[in-house]
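Read off the chains here:
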Amino acid sequence: MTYNDIYNHRNILQNIPLTFEGRRLSKETAANVMLLRVAYQNKLNEYFRTMHEVENGLKNDGYDERAKKYANMKEGKIEKDEESMQAFEEEQAVWVDSINEARKRKAEEQVDIKNGKLTKQDLEDIYDLVGADGNFDYLNANGESVEMKREEFLSLIAYNLVG
């Protein structure tokens, strides 16, 4: 499983309701969902910590000072120097490209999550909670609500999280 997979699986887990239309998920399944949410989030936090270190490591010496000076020039707090502003913009573009490439490589790395799956019983409990008829509001990775068929949501869980 890659960090990209973990991100997507965590998003699915976030969409599994613990209560729905006045009904509750069984305690055991709710606990499994919550523990998996934590495990997946911990792996994502590991990714973000690593990437923060990589981002700082990719900065040229004095980058932060130049960035502050650039921001002050843009805001009119100090006199603009077009040449140094352009040089910083070029430096920043290279840095951003390097970060994006590093993120892409890191996101494709293989990682393990122990006990990172739901059981068939968990899926049955989720099915009993949400049902298969009608639609379900699913929050995608961008935080936007997308209408999804409940059956499709259950299939998403089964395909990605049941082992």
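A quick note: this is a predicted structure, and the numbers were derived from the prediction, not measured. (Residues numbered from 1 in each chain as written. Predicted model: local features only at pLDDT ≥ 70, side-chain atom pairs only at ≥ 80, totals over all residues. Heavy atoms only, no water.)

**Here we look at the overall build of the protein chain**
Here's step 1: A tally of helices and strands in the protein chain yields 6 helices and 4 strands.
Here's step 2: Counting from the amino terminus, helix and strand elements in the protein chain follow one another as α-β-β-α-α-α-α-β-β-α.
Here's step 3: Relative to the compact-globule value of 15 Å for 163 residues, the protein chain shows a C-alpha radius of gyration of 22 Å, a clear excess of over 25%.
Here's step 4: Based on the C-alpha atoms only, the size of the protein chain along its principal axes is roughly 65 × 30 × 20 Å.
Here's step 5: With 163 residues in all, the protein chain has 34% of them scored as buried.
Here's step 6: For the protein chain, the distance from the average position of its 23 positive side-chain charges to the average position of its 32 negative side-chain charges is 5 Å. (Helix = DSSP H or I, 4+ residues; strand = E, 2+ residues; numbered from the N terminus. Rg over C-alpha atoms; globule rule 2.2 N^0.38 Å. Buried < 20%, exposed > 50% of the residue type's maximum accessible area, 1.4 Å probe, protein only. Lys, Arg positive; Asp, Glu negative; His and termini not counted. Charge placed at Lys NZ, Arg CZ, Asp CG, Glu CD.)

**What about the pairing of strand β4 (residues 145–149)?**
Here's step 1: Here strand β3 (residues 135–139) pairs with β4 via 5 bridges, running antiparallel. Looking at the pairing, L139 lines up with S145 of β4.
Here's step 2: Between β3 and the antiparallel strand that follows it, β4, lie 5 residues; G143 among them carries a positive phi value of about 80 degrees. (Pairing = 2+ DSSP bridges.)

**Quick notes on the packing of helix α3 (residues 63–74) against helix α4 (residues 82–107)**
Here's step 1: Between α3 and α4, whose axes approach to 10 Å, the crossing angle comes to 125 degrees. Classified by the interaxial angle, the pair formed by α3 and α4 is oblique. In the crossing of α3 with α4, the sense of the turn from one axis to the other is left-handed. Here Y63, R66, A67, Y70, M73 and K74 of α3 lie close against α4, whose contacting residues are S84, M85, F88, E89, E91, Q92 and W95. (Axes fitted to C-alpha atoms, helices over the stretch in contact; angles between N-to-C directions. Parallel < 35°, antiparallel > 145°, perpendicular 65-115°, else oblique. Left-handed = near helix turned anticlockwise from the far one by under 90°. Contact = heavy atoms within 4.5 Å.)

**Concerning unusual backbone geometry**
Here's step 1: The phi dihedral of E21 is positive, around 50 degrees, even though this residue is not glycine.
Here's step 2: The backbone phi angle of N115 is positive, close to 55 degrees, even though this residue is not glycine.
Here's step 3: Note that N115 resides in the loop between α4 and α5 (120–130).
Here's step 4: Classification of N115 by relative accessible area gives exposed; the value is 72%.

**Quick word on α3**
Here's step 1: Between the first and last C-alpha of α3 there are 16 Å, a value that for 12 residues agrees with the 16 Å anticipated at 1.5 Å per step.
Here's step 2: The set of residues buried in α3 consists of Y63, Y70 and M73. Along the axis of α3, the buried residues cluster in a sector spanning 85 degrees; they form a single face. Counted as exposed and oriented over 90 degrees from the buried face of α3: E65 and K68.
Here's step 3: Those residues of α3 hidden inside the fold are in contact with α4.
Here's step 4: Directly beyond the C-terminal end of α3, a positive phi value near 80 degrees is found at G76. (Expected span 1.5 Å × (residues − 1). Arc of directions from axis to C-beta.)

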